[in-house]
Amino acid sequence: MKNIAILGSTGSIGRSTLDVVDLLSNRFNVIGLAAGRNSELLARQIKQFKPEIVSLEKESDADFLKAQDFSDSVRILCGQEGTEEIARNKDIDIIVAAITGISGLRSTITAVKYGKKVALANKESMVVAGPLIQKLAEESGSQIIPVDSEHSGVFQCLAKEDKKNVKRVILTASGGPFFQSTKEEMKNSTIEDALNHPRWEMGEKVTIDSATMMNKGLELIEARWLFDLQPEQLDVLIHPQSIVHALVEMRDGSVIAQLSQTDMKIPIQYALTYPEREEAPLPPLDLSKIRALEFYEVDKEKFPMILLAREALNEGDSAPVALNAANEVAVKAFLEKKIVFSDIFFVINTIMRDHKKNHVDNLDDILSVDRETKLQTRNFLEQRL
Ligand SMILES: NC(=O)c1ccc[n+]([C@@H]2O[C@H](COP(=O)([O-])OP(=O)(O)OC[C@H]3O[C@@H](n4cnc5c(N)ncnc54)[C@H](OP(=O)(O)O)[C@@H]3O)[C@@H](O)[C@H]2O)c1
């Protein structure tokens, strides 16, 4: 029996993780849950899974929980401190890092420092702090198992391979809602258009990142650090069916691929049970029904975000931190209807042209670049609006 905590339990990944854990209740015991503002859903999760410790972002939401009838069996915490206390709790074996954005960084780092097995969904942590997290994991013995479907695919393809034989790693992308649209059609597309992902049901931020293809750019940077690969070994192919999640090309010409149904429960379950496997929580993949698996090059004129992300990947140091920060502010502004879809690229590109790269090797440096870039991006948006 493993004790588990889910940070971001009220989100898309968090809820899928609880579905997986519910089916595998003979293997996993939920000890901790952390969420942002959705206190009502967290209250229902507490009733169902009976964790010992929970946390919410704001004190007022934690007070709402304290007023509920949970007996005294659950400790209710709040804020960054609360999430981090769960991440380092000595009784917890596995931390599912599923908070969205850089808000998940501190708790991911804490879990890694304390030697936990980390099922990592929060890709932004690896994007902004990849070298630091890898160094901390080496020191503490923490095992980081990717939850992102593409990275779970790469992880599985590489499982029995000698890394020196790997030539190229290809992450697939569905192409998002605008795969078939022209640049002109994309320009003024609405929030509803951009959130209408053809394959995956995800939180709003990652869905917009998928529409701009920044998501794939962030995933390239994530893969760089998760698998210790060089930027030129990483590539992307559009694969609209989202059945093949990753391809690994070996130097003898073999290409190893990982395929599965388009459902995050599969990589989540793999991350939790690794190195073992359990029965799938879904019907088997039937390729005779899917019939065709297509692959296309990314149209970089239509999706220039992928070039921006690649520049940040090549530059390293503070560039990925600035990219992520500008993206978080621009996506929020789009979701608040302050800018149109094509502005997201324009804003991030402007900020990245101005960014003076500097060395970041600790958490304070990273958070300082994040703060400064966000301020700069907000100021730029204010001047333009
Ligand atoms: N969804 C997917 O299929 C998918 C696939 C691969 C990778 N990922 C990655 O997984 C992460 C989560 O994605 P998602 O789609 O699950 O996002 P989501 O649905 O928006 O959920 C985000 C979760 O984080 C919580 N949260 C936000 N800010 C917080 C804070 N300051 N403190 C504590 N909790 C906070 C939210 O709480 P409230 O809702 O209570 O406010 C929610 O539980 C992202 O990094 C994403 O890129 C997602």
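Provided above is the structure to which this section pertains.
Since we're looking at a predicted model, the values are computed, not measured.

### Examining the side chain of Arg224
Move 1: Relative to the helices and strands, Arg224 is located in helix α11 (residues 214-226).
Move 2: One buried charge, Arg224, has no salt-bridge partner; the nearest side chain with opposite charge is Asp228, at 4.2 Å.
Move 3: Separated by 2.9 Å, the side chain of Arg224 and the backbone oxygen of Leu229 make a polar contact.
Move 4: Discounting residues that sit within four places of it in the chain, Arg224 has contacts with Leu229, Gln230, Pro231, Leu234 and Leu313.

### Regarding the sheet that holds strand β7 (residues 143-146)
Note on sheets: strands pair through backbone hydrogen bonds, and any given pair is parallel or antiparallel.
Move 1: Pairing within the open sheet is parallel, and its seven strands lie in the order β4-β3-β2-β1-β5-β6-β7. Two strands lie at the open edges of the sheet, namely β4 (75-78) and β7, each paired on one side alone. The sheet shows a mean angle of 25° between the axes of neighbouring strands, direction not considered.
Move 2: Relative to strand β5 (residues 94-97), strand β1 (residues 2-7) runs parallel, the two sharing four bridges. Note on β5: the bridge partner recorded for Ile4 is Ile94.
Move 3: The strands that helix α5 (residues 105-113) touches are β1, β5, β6 (117-120) and β7; relative to β6, the one it contacts most, it runs at about 150°.

### What to know about the nonpolar core
The nonpolar side chains of soluble globular proteins are, as a tendency, buried together.
Move 1: Residues Ile4, Leu65, Leu105, Leu272, Leu323, Ile344 and Ile348 are the most contacted members of the largest nonpolar core, which totals 123 residues.
Move 2: Per element, the largest residue contribution to this core is ten residues, and it comes from helix α15 (residues 319-335).

### Concerning the packing of α15 against helix α16 (residues 341-354)
Move 1: As a packed pair, α15 and α16 sit with axes 9 Å apart at the nearest point and diverge in direction by 150°. In terms of their interaxial angle, α15 and α16 are classed as roughly antiparallel. Between α15 and α16 lies a crossing whose hand is right-handed. For the pair α15 and α16, the contacting residues are Ala319, Ala322, Leu323, Ala326, Asn327, Ala330, Val331 and Phe334 in the first and Phe341, Ile344, Val347, Ile348, Ile351 and Met352 in the second.
Move 2: When the residues that make up the contact of α15 with α16 are grouped by side-chain class, the tally is 13 nonpolar, one polar and no charged.

### Details of the pattern of salt bridges
Move 1: Under the criterion given, the structure shown has 26 salt bridges.
Move 2: Between Lys265 and Asp263 there is a salt bridge, with its nearest N and O atoms 3.7 Å apart. Neither Lys265 nor Asp263 differs from the other in exposure class; each is buried.
Move 3: With its nearest N and O atoms 3.1 Å apart, the salt bridge here joins Glu336 to Lys332.

### Side note on the site of the ligand
Move 1: Taken together, 24 residues form the shell around the ligand, and within it Thr10, Gly36, Glu124, Asp148 and Gly203 come nearest.
Move 2: Ile13 places a main-chain nitrogen or oxygen 2.9 Å from an oxygen atom of the ligand.
Move 3: Coverage of the ligand by the protein amounts to 87% of the 900 Å² it exposes when considered alone.
Move 4: Looking at the shell around the ligand, the elements that each hand over two or more residues are α1 (12-23) and α6 (123-140).
Move 5: Among the residues forming the shell around the ligand, the class breakdown is eight nonpolar, eleven polar and five charged.

What counts as what
Residues numbered from 1 in each chain as written. Predicted model: local features only at pLDDT ≥ 70, side-chain atom pairs only at ≥ 80, totals over all residues. Heavy atoms only, no water. Helix = DSSP H or I, 4+ residues; strand = E, 2+ residues; numbered from the N terminus. Buried < 20%, exposed > 50% of the residue type's maximum accessible area, 1.4 Å probe, protein only. Lys, Arg positive; Asp, Glu negative; His and termini not counted. Salt bridge = Lys/Arg side-chain N within 4 Å of Asp/Glu carboxyl O. Polar contact = N/O pair within 3.5 Å; in protein donor to acceptor, adjacent residues only side chain to side chain. Contact = heavy atoms within 4.5 Å. Pairing = 2+ DSSP bridges. Axes fitted to C-alpha atoms, helices over the stretch in contact; angles between N-to-C directions. Core = buried A, V, L, I, M, F, W, Y, C linked by side-chain atoms within 4.5 Å. Parallel < 35°, antiparallel > 145°, perpendicular 65-115°, else oblique. Left-handed = near helix turned anticlockwise from the far one by under 90°. Nonpolar A, V, L, I, M, F, W, Y, C, P; charged D, E, K, R; others polar. Near = heavy atom within 4 Å. Areas by Shrake-Rupley, 256 points an atom, 1.4 Å probe, with all protein chains shown as cover.

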